[in-house]
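Overview (structure and organization)
Letter by letter, the chains look like this.
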Amino acid sequence: SPKENTIKGLIEKQVSAEVYALLLQIGSLADEHDIHIYLIGGIVRDLLLNRPNEDIDIVVEGNGIEFAQLLEQKLGGQVKVHEKFGTAVWTTPTSLKLDIVTCRTEYYDSPATLPIVKASNLREDLRRRDFTINAMAIQLNKNNFGLIIDYFQGQDDLTSKKIRILHTLSFIEDPTRIIRAVRFATRFNYVLAKQTRNLAIDASALLKQVSATRFLHELKLLLSENAIISGIDMLNELGVWKSLFGINVTEKQLDIIRAVKGRNEEDPFVYLLALIFDKSNWKHLVSRYALTANNQQLIRQLEAMEEINWDSKATLSELHEVFAPYQNNNVNLFALLTQEPLLETYIEKASTLPVLLTGKDLMANGIKPGPTYSDIFHQLTCLQLDEEINTKEEAHDWLLTLHKKIR
Ligand code: CTP
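The rules behind each value
- Residues numbered from 1 in each chain as written.
- Predicted model: local features only at pLDDT ≥ 70, side-chain atom pairs only at ≥ 80, totals over all residues.
- Heavy atoms only, no water.
- Near = heavy atom within 4 Å.
- Polar contact = N/O pair within 3.5 Å; in protein donor to acceptor, adjacent residues only side chain to side chain.
- Areas by Shrake-Rupley, 256 points an atom, 1.4 Å probe, with all protein chains shown as cover.
- 1 Å grid on protein atoms, 1.4 Å probe; cavity = no way out; pocket = protein on both sides within 12 Å on 5 of 7 lines; lining within 4 Å.
- Sits in = over half its atoms within 2 Å of the grid points.
- Helix = DSSP H or I, 4+ residues; strand = E, 2+ residues; numbered from the N terminus.
- Nonpolar A, V, L, I, M, F, W, Y, C, P; charged D, E, K, R; others polar.
- Expected span 1.5 Å × (residues − 1).
- Buried < 20%, exposed > 50% of the residue type's maximum accessible area, 1.4 Å probe, protein only.
- Contact = heavy atoms within 4.5 Å.
- Core = buried A, V, L, I, M, F, W, Y, C linked by side-chain atoms within 4.5 Å.
- Domains from an automatic or database assignment.
- Points joined across faces, edges and corners; volume = space filled by probe spheres on them.
- pLDDT = per-residue confidence, 0-100.
- Phe/Tyr/Trp six-rings, centres within 6.5 Å; stacked < 30°, edge-to-face > 60°.
- Axes fitted to C-alpha atoms, helices over the stretch in contact; angles between N-to-C directions.
- Parallel < 35°, antiparallel > 145°, perpendicular 65-115°, else oblique.
- Left-handed = near helix turned anticlockwise from the far one by under 90°.

1. Here we look at the site of the ligand
The local shell around the ligand consists of G41, G42, R45, R129, D130, N134, D174, R177, R180, R183, F184 and R187. Side-chain polar atom of R45 to an oxygen atom of the ligand: 2.7 Å apart, as the coordinates give it. R177 is positioned such that a nitrogen or oxygen atom in its side chain is 3.0 Å from an oxygen atom of the ligand. When isolated, the ligand has an accessible area of 560 Å², and the protein chains bury 72% of it. Taken atom by atom, the bulk of the ligand overlaps the largest pocket. Here the shell around the ligand takes five residues from helix α8 (residues 176-188), the largest share from any one element. In terms of residue class, the shell around the ligand is built from one nonpolar, three polar and eight charged.

Structure (structure tokens):
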């Protein structure tokens, strides 16, 4: 039987008065219909950790959809049913959203003797989940309100700060859990339990079979939790990058990734790219993850920039001539990925050039608006990069001579 204790007081202290009242009402309504009902998953974990969590997940032993409809009848709001998954989302009159799932009560023939036992499926529902700390429930029925149901020692793992899977096939069934494990470990500053860690290493190659969309989604979650650097590092220790791309992440690469992060890059694809860019077959490795037109353009431009041969003694204006056709952002990234000092100087300088002439100045000099404007600005940028023109005055003088030529 599971370890049981009740945290009614803790719940009352931690959730808003509104949510607390709602949970009590839900428990009473379930009692009226003789249904067992529980809070489940992340919110249970976070209640025990004293961390805020607004995602209310509820599991009903019985028909979750019917129960959601009862809630709507009794308390108002609106129910959206997902028949296929046996789930419903109930939006309360005050716009709280509750996910309500079904966990059916099934009848099993008991192995030895005659009686047919009614086995609760709550344990099975919990057992299908990812980690012990996410596999606890809290009963909401009135008599047991606040009772923690913890079949897999999730509370012990919260205390000993461990991420632990529930069964040996967990990562094989869902390899994205490897990335989730890393995410929870970084979020809470926990470690993977020894066997969990070993099984994650064994299953790391299966991440190849995960769709690019799901893979990038998991990376995006790491990013949104500000855990991308430590996450990439931990995934490296689990052999994930070795399995996926044949690489071991070095300190130098982590530095590059830190710099990508420093640019507030929000696209997880760019982080993948940064991981593998120094491999000669980077394009081949990263292509399947380039899901957006932007990503594909980035690949094309990086490829083209790689082909550019420039002299290590090139002037900044010479560099500008060859790099100006590419998107600014992509040139910046290219410089960051290659760590070419000259290119970095160019970018630094190009991004801080003062504006010496505007369109108005050109018009005031009688130059008709048109394509010549961008030619003139391009030339001016080149002259500024080489420090041949440094002030507005010099720029205006230059414009006068130029103007004569144009006319
Ligand atoms: N889950 C799982 N396997 C996954 C994803 C989710 O078993 N690959 C289970 C976990 O038990 C989790 C629940 O589904 O608690 C809800 O998933 P999610 O909302 O992603 O996780 P939370 O634990 O609520 O995490 P967070 O705090 O990030 O919202």
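2. Details of helix α16 (residues 293-307)
An ideal rise of 1.5 Å per residue puts 21 Å on 15 residues; α16 measures up with 21 Å between its terminal C-alpha atoms. Among the residues of α16, N295, L298, I299, Q301, L302 and M305 are the ones counted as buried. Structurally, α16 contributes buried residues whose contacts are with α14 (268-276), α15 (282-286), α17 (316-323) and α18 (328-338).

3. Overview of the nonpolar core
Counting 109 residues, the largest nonpolar core has I26, L39, I58, F67, F215, W241 and L272 as its most contacted members. The leading source of residues in this core is α14, at eight residues. Counting the residues that make up this core, at least three belong to each of domain 1 (3-160) and domain 2 (162-269). W241 has contacts with F215, L219, I232, L235, N236, G246, I247, V249, L272 and L275, leaving out every residue within four places of it along the chain. Formed by 13 residues, the second largest nonpolar core is a distinct cluster that contains L356, L383, W398 and L399.

4. Examining the side chain of N295
Tracing the backbone shows N295 in helix α16. For N295, a relative accessible area of 4% translates into the label buried. Polar side-chain contacts of N295 include one of 2.8 Å to the side chain of D267. Apart from the residues lying within four places of it in its own chain, the contact partners of N295 are D267, F269, Y289 and A290.

5. Quick word on helix α3 (residues 42-49)
Burial analysis of α3 places six of its eight residues in the buried class, which makes it a mostly covered element. Buried residues of α3: G42, I43, V44, R45, D46 and L47, and no others. Of the residues one or two after α3, N50 is the one with positive phi, at around 60 degrees.

6. Section: the layout of surface pockets
Within this model, the largest pocket holds a volume of roughly 650 Å³. If you go around the largest pocket, you meet 34 residues; those closest to its centre are I40, G41, G42, D57 and R129. Broken down by secondary-structure element, the contributors of at least two residues to the lining of the largest pocket are α3, β3 (56-61), β5 (87-91), β6 (97-103) and α8. Looking at the lining of the largest pocket element by element, the count peaks at five residues for β6. Its residues assigned to classes, the lining of the largest pocket comprises eleven nonpolar, nine polar and 14 charged. Each pocket or cavity is described by its volume, and for the second largest pocket that value is around 260 Å³. Looking at the second largest pocket, it is lined by 13 residues, and the ones nearest its centre are H320, A324, N328, Y346 and A350.

7. With respect to the confidence of the model for the protein chain
A residue-level look at the protein chain finds 94% of positions with pLDDT of 70 or above and a mean pLDDT of 93. The low-confidence segment residues 112-117, where pLDDT is below 50, has eight contacts with residues more than four positions distant or belonging to other chains.

8. So, the domain arrangement of the protein chain
Parsing the protein chain into structural domains produces domain 1 (3-160), domain 2 (162-269) and domain 3 (359-406). A C-alpha centroid distance of 52 Å is found between domain 2 and domain 3.

9. A closer look at the packing of aromatic side chains
Enumeration over the complete set of coordinates arrives at 15 aromatic pairs. Ring centres of F245 and Y289 lie 6.1 Å apart, and the angle between their planes is 75 degrees; on these two criteria the pair is classed as edge-to-face. Remark: Y289 occurs in the loop between α15 and α16 and F245 occurs in helix α12 (residues 240-245); sequence separation between them is 44 residues. The same class applies to F245 as to Y289, namely buried. With 6.1 Å between their ring centres and 35 degrees between their planes, F323 and F334 make a pair best called tilted.

10. Concerning the packing of α8 against helix α11 (residues 228-237)
Between α8 and α11, the least distance of the axes is 10 Å, while the angle of their chain directions is 130 degrees. As the angle between them shows, α8 and α11 are arranged oblique. In this structure, α8 crosses over α11, and the sense of that crossing is right-handed. Contacts from I178, I179, V182, A185 and T186 of α8 reach α11 at S230, G231, M234 and L235.

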